[in-house]
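Here's the letter readout for the chains.
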Amino acid sequence: EELQHRLNSMERSGTSFNNEMDWLRVLLYDWTQPNRRRQDRIDTNERMWIQTQLPWICQLLRDGSWSPTRLPASGRRPGTSPVAIRLLNVSSNGWLFHGDTQGQIIRVGELALCRGEKDTHGGTLSLIRWFMISDNGLALEFGVEHLSTAMEPMEIVPTITHSGDSFTPALLLPPQPRLGRG
């Protein structure tokens, strides 16, 4: 269906194909290009708090303390406390951040719990979709996709296990049928 739509639009625009190779070149070009943004973006310059890695996100949701000084600086391991970072722009599906992540793990596919300075809820669980190094390697720019604002920390253990297995942190998310999740 998608290919037929693409072919029809190309024929309406006057594009003609002399042979199958022309058609394959067009398809290859379209399939290898990054997806184009589907939402409008609104520029902003707010500061938000961010926490990555599932065990630390679960701990943060359980104790509710977004203060970066939960532990003395000398006793804190990098990445274990939320950090403030600049929010550059907002869309209906995600956010664009820029700045020094101060030890937070930023990699594609990593969970991130994000919270605005004025937010009163637990935060927005997001998924890091992409990142790039900017400012001569001194900062990161990364985009996140929203997953949920209603999550519950829990611990799970496999049903088929051995006596040495321990509980693993997890998040219970509500079903999201519009996204095909749940």
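Refer to the preceding data block for the structure.
Residues numbered from 1 in each chain as written. Predicted model: local features only at pLDDT ≥ 70, side-chain atom pairs only at ≥ 80, totals over all residues. Heavy atoms only, no water.

## A closer look at the packing of aromatic side chains
Convention followed: What counts as a ring pair is set by centres within 6.5 Å for rings of Phe, Tyr and Trp (its six-membered ring), and what kind of pair is set by the plane angle: stacked under 30 degrees, edge-to-face over 60, tilted for all other angles. Each residue is placed in one exposure class: buried if its accessible area under a 1.4 Å probe, protein chains only, is under 20% of its type's maximum, exposed if it is over 50%, and partly exposed if it falls in between.
Summed over the entire model, instances satisfying the criterion amount to 2 aromatic pairs. Ring geometry for W95 and F97: centres 6.1 Å apart, planes at 80°, overall edge-to-face. As far as burial versus exposure is concerned, W95 and F97 are alike and both buried. The rings of W95, F97 and F142 are connected pair by pair, giving a single aromatic cluster.

## So, unusual backbone geometry
Worth spelling out the cut-off: Helix numbering and strand numbering both begin at the N terminus, where a helix is a DSSP run of H or I of at least 4 residues and a strand a DSSP run of E of at least 2.
For Q53, which is not glycine, the phi dihedral falls at a positive 75°. Mapped onto the elements of the fold, Q53 is located in the loop between β1 (42-52) and α3 (54-63). On the basis of relative accessibility, which here comes to 22%, the residue Q53 falls in the partly exposed class. Residues other than glycine seldom take positive phi values, yet Q102 does so here, at roughly 50°. Tracing the backbone shows Q102 in the loop between β3 (94-99) and β4 (111-116). Assessed through its relative accessible area of 46%, Q102 is described here as partly exposed.

## Here's the deal with the side chain of H146
Rules: Two N or O atoms form a polar contact when they lie within 3.5 Å of each other; inside protein one atom must be a possible hydrogen donor and the other a possible acceptor, and for residues adjacent in sequence the pair counts only when both atoms belong to side chains.
With respect to the helices, strands and loops of the structure, H146 is situated in strand β6 (residues 139-148). Of note is the side chain of H146, whose polar atom sits 3.5 Å from the backbone nitrogen of G94.

## Side note on the environment of P153
Going by this rule: Contact definition: two residues touch when any of their heavy atoms are within 4.5 Å.
With respect to the secondary-structure elements, P153 resides in strand β7 (residues 152-156). Through-space distance from the C-alpha of P153 to that of L54 is 9.4 Å; in sequence the pair is 99 residues apart. Residues within four places of P153 in sequence aside, it is in contact with C58, L61, R62, A170 and L171.

## Here's the deal with the nonpolar core
So the rule is basically this: Residues belong to a common nonpolar core when they are buried Ala, Val, Leu, Ile, Met, Phe, Trp, Tyr or Cys residues joined through side-chain atoms within 4.5 Å.
Formed by 14 residues in total, the largest nonpolar core has its most connected members in I50, W95, F97, C114 and F142. Apart from the residues within four sequence positions on either side, F97 is in contact with M48, I85, R86, L87, C114, L140, E141, F142 and V144. Core analysis: the next-biggest nonpolar cluster, separate from the first, contains 8 residues, L60, L125, M151 and L171 among them.

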